[in-house]
Amino acid sequence: MIKVITYGTFDLFHEGHYNILKKAKEQGDYLIVGVTSENYDKTRGKLNVKQSLIERIENVKKSGFADKIIVEEYIGQKIEDIKKFKVDKFVIGSDWLGKFDYLKEYCEVIYVERTKGISSTQLRNKERGILKLGCVGAGRIARRMCKESKYVSGINFDYVYGRNEEKIKEFTNKYDLNFYSTDYNEFLKEVDAVYIATPHLTHYEFAKKALEKGKHVLCEKPLCLEKAKAEELYRIAKERKLVLYEAIKTAYSPAFIRLISLAKSGVIGEIKDVDATFTKLMTDYSLREFDKNQAGGSVTELSTYPLIAIIKLLGYKYEDVEFVSYYGDKDVDLYTKIILKYPNSIATAQVGLGVKREGELIISGTKGYIIVPAPWWKTEYFEIRFENPNDTEKYFYKFEEDGLRYELSEFLNSIVNHTSNIHIKEEESIAISEIIEKFRKLRL
Ligand code: CTP
């Protein structure tokens, strides 16, 4: 009996999928089809898959060609499958030509002609249309998003707004964009959604105006420096059925999502303590980050990361918050320890622009603890440890490059599917603004 194996996502099952399965089956007597899991697709950067794993498995089943269907969950699994199922032939479309030659050591590798003019990506784009996303600001983070947006299908990141014409012209040329404007109203007319990547104090105004003009908003962190403003923005978004996302990239990344689910599943018992640190030593004191009038300082600049971890783990209903800061001879905090008290647990966050400290996240429970080494905010690797070191469990999920593609992809999904943000809930985002506001009030 000749055993054949093939793999794919098989999203929105189309003629190309039917043809490849047919051709694969013709290569032998028994066909095994590997369907990618949601998590695997995410970790390999394939975002925006429309159908669930179950639906995609159903698609393959209905074709009638598969004798066995398996789930592909991790990179390197193909070799294991080929050995385990004693596979004779590996079949894949010609778009992958050469990419699987390394499997020749284990079985015959056959690339079959891909069906022209059809793909899941095309169907997804046709179904949901292309979102015209404009960038507000042309700084460092905007440049990163420009690059990352290439990994999210269904988005046309082709528009930029800025006050400095020289700068946005350069940005437009460098990233081959279509349109720039120094007039915000003009710019808003051209787009369906905006990504706000400007200094903190401008977020609220830009976001509010965009929402009032019916545009979805993905706003860099912190969304607002005051609770009431954040509440107002979410209210406008809700009234107008628009999507408003705070762009704290960690919260949308595959490893962090897995980490939170694991921690909350009780694997380390009851969570009693969360300790998260994020420091970024900067020495050029002329920068905005050190300017009090531009809301500089460690808390405004860095605290959203540790706070989102704490809030995801212990909730947004803290009982009390305290701050201990070091200012040196500056107007802004160079280092701050934030202490959040909960009815049955405690959390501490350390942030510093002028003090360096190990950037790790430790979640302590009644049965064990989880350690996420620096840089934990680009969550990739973590360990669950217990009293007995032999029981340690290790986890790894890739965090791709700058990791902005995850938030962008979720933002797009929310717009297309009319769903709210499940990774950072409105209340969680508002709680972060409230904590920052409380801190800033201490020195007003
Ligand atoms: N395939 C094909 N002809 C097409 C599309 C896909 O032969 N027009 C093959 C691929 O080469 C692969 C299998 O179908 O062997 C599953 O591919 P998959 O990635 O699920 O399909 P795509 O339509 O290419 O999906 P996407 O656009 O999301 O990349």
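Right above here is the structure, for reference.
Residues numbered from 1 in each chain as written. Predicted model: local features only at pLDDT ≥ 70, side-chain atom pairs only at ≥ 80, totals over all residues. Heavy atoms only, no water.

Engineer: Got a minute to help me understand the packing of aromatic side chains in this structure?
Structural biologist: The geometry of an aromatic ring pair comes down to the distance between the two centres and the angle between the two planes. The tally for this structure, following the rule as stated, stands at 23 aromatic pairs. Relative to Phe-290, the ring of Tyr-285 has its centre 4.7 Å away and its plane inclined at 75°; by these criteria the two rings are edge-to-face. Residue class for Tyr-285 comes out partly exposed when judged on its relative accessible area of 42%. Owing to a relative accessible area of 7%, Phe-290 belongs among the buried residues under this scheme. Look at Phe-399 and Tyr-406: their rings are 5.9 Å apart centre to centre, the planes differ by 55°, and that puts the pair in the tilted class. Here Phe-399 falls in the buried class, since its relative accessible area comes to 5%. On the basis of relative accessibility, which here comes to 2%, the residue Tyr-406 falls in the buried class. Through a chain of ring-to-ring contacts, three or more aromatic side chains come together here, namely Tyr-7, Phe-90, Trp-96, Phe-100 and Tyr-102. Its end group placed over the ring of Tyr-204, Lys-229 keeps NZ or CZ at 4.9 Å from the ring centre. Cation over ring: Arg-405 sits above Tyr-151, and NZ or CZ is 3.7 Å from the ring centre. (Phe/Tyr/Trp six-rings, centres within 6.5 Å; stacked < 30°, edge-to-face > 60°. Buried < 20%, exposed > 50% of the residue type's maximum accessible area, 1.4 Å probe, protein only. Lys NZ or Arg CZ within 6 Å of the ring centre and 35° of its normal.)

Engineer: How do you make sense of the site of the ligand when you look at a structure like this?
Structural biologist: Taken together, the neighbourhood of the ligand is formed by 20 residues, with Asp-95, Thr-115, Ile-118, Ser-120 and Thr-121 sitting nearest. Gly-93 is positioned such that a nitrogen or oxygen atom in its backbone is 3.0 Å from an oxygen atom of the ligand. Take Thr-115: an N or O atom from its main chain is 2.8 Å from a nitrogen atom of the ligand. Protein burial of the ligand: of its 570 Å² of free accessible surface, 93% is covered by the chains. Counting atoms within 2 Å of the grid points, the majority share of the ligand lands in the largest pocket. Contributing elements (two or more residues each) for the shell around the ligand: strand 1 (3-8), helix 1 (15-26), strand 4 (89-93) and helix 5 (120-128). (Near = heavy atom within 4 Å. Polar contact = N/O pair within 3.5 Å; in protein donor to acceptor, adjacent residues only side chain to side chain. Areas by Shrake-Rupley, 256 points an atom, 1.4 Å probe, with all protein chains shown as cover. 1 Å grid on protein atoms, 1.4 Å probe; cavity = no way out; pocket = protein on both sides within 12 Å on 5 of 7 lines; lining within 4 Å. Sits in = over half its atoms within 2 Å of the grid points. Helix = DSSP H or I, 4+ residues; strand = E, 2+ residues; numbered from the N terminus.)

Engineer: Honestly, the layout of surface pockets in this entry has me stumped. Any pointers?
Structural biologist: Vacant regions in the atomic arrangement are exposed by a probe of water-molecule size rolled over the atoms. Empty space within the largest pocket amounts to approximately 1,100 Å³. Gly-8, Thr-9, Arg-44, Lys-46 and Trp-96 are the residues nearest the centre of the largest pocket, which is lined by 46 residues in total. Mapped onto the lining of the largest pocket, the elements with two or more residues apiece are strand 1, helix 1, helix 2 (38-43), helix 4 (77-84), strand 4 and helix 5. It is helix 1 that provides the largest number of residues to the lining of the largest pocket, a total of five residues. A class-by-class count of the residues in the lining of the largest pocket yields 14 nonpolar, 18 polar and 14 charged. Taken as a whole, the second largest pocket encloses approximately 970 Å³ of empty space. Surrounding the second largest pocket, 34 residues form its lining, Arg-140, Ile-141, Ala-197, Thr-198 and Arg-288 being those nearest its centre. Sorting elements by how many residues they give to the lining of the second largest pocket places helix 6 (residues 140-148) first, with four residues. (Points joined across faces, edges and corners; volume = space filled by probe spheres on them. Nonpolar A, V, L, I, M, F, W, Y, C, P; charged D, E, K, R; others polar.)

Engineer: How should I be thinking about the sheet that holds strand 14 (residues 335-342) in this particular structure?
Structural biologist: Sheets are built from strands paired through backbone hydrogen bonds, the pairs being either parallel or antiparallel. Read from one edge of the open sheet, eight strands run 13-14-15-12-16-17-18-19, paired in mixed fashion. Looking at which strands have only one partner, the edges of the open sheet turn out to be strand 13 (320-326) and strand 19 (393-396). Strand after strand, the sheet turns through a mean of 10° between neighbouring axes, direction not considered. Looking at chain direction, strand 13 and strand 14 are connected through seven bridges and run antiparallel. When the sheet's bridge partners are listed, Val-321 is paired in strand 14 with Leu-340. (Pairing = 2+ DSSP bridges. Axes fitted to C-alpha atoms, helices over the stretch in contact; angles between N-to-C directions.)

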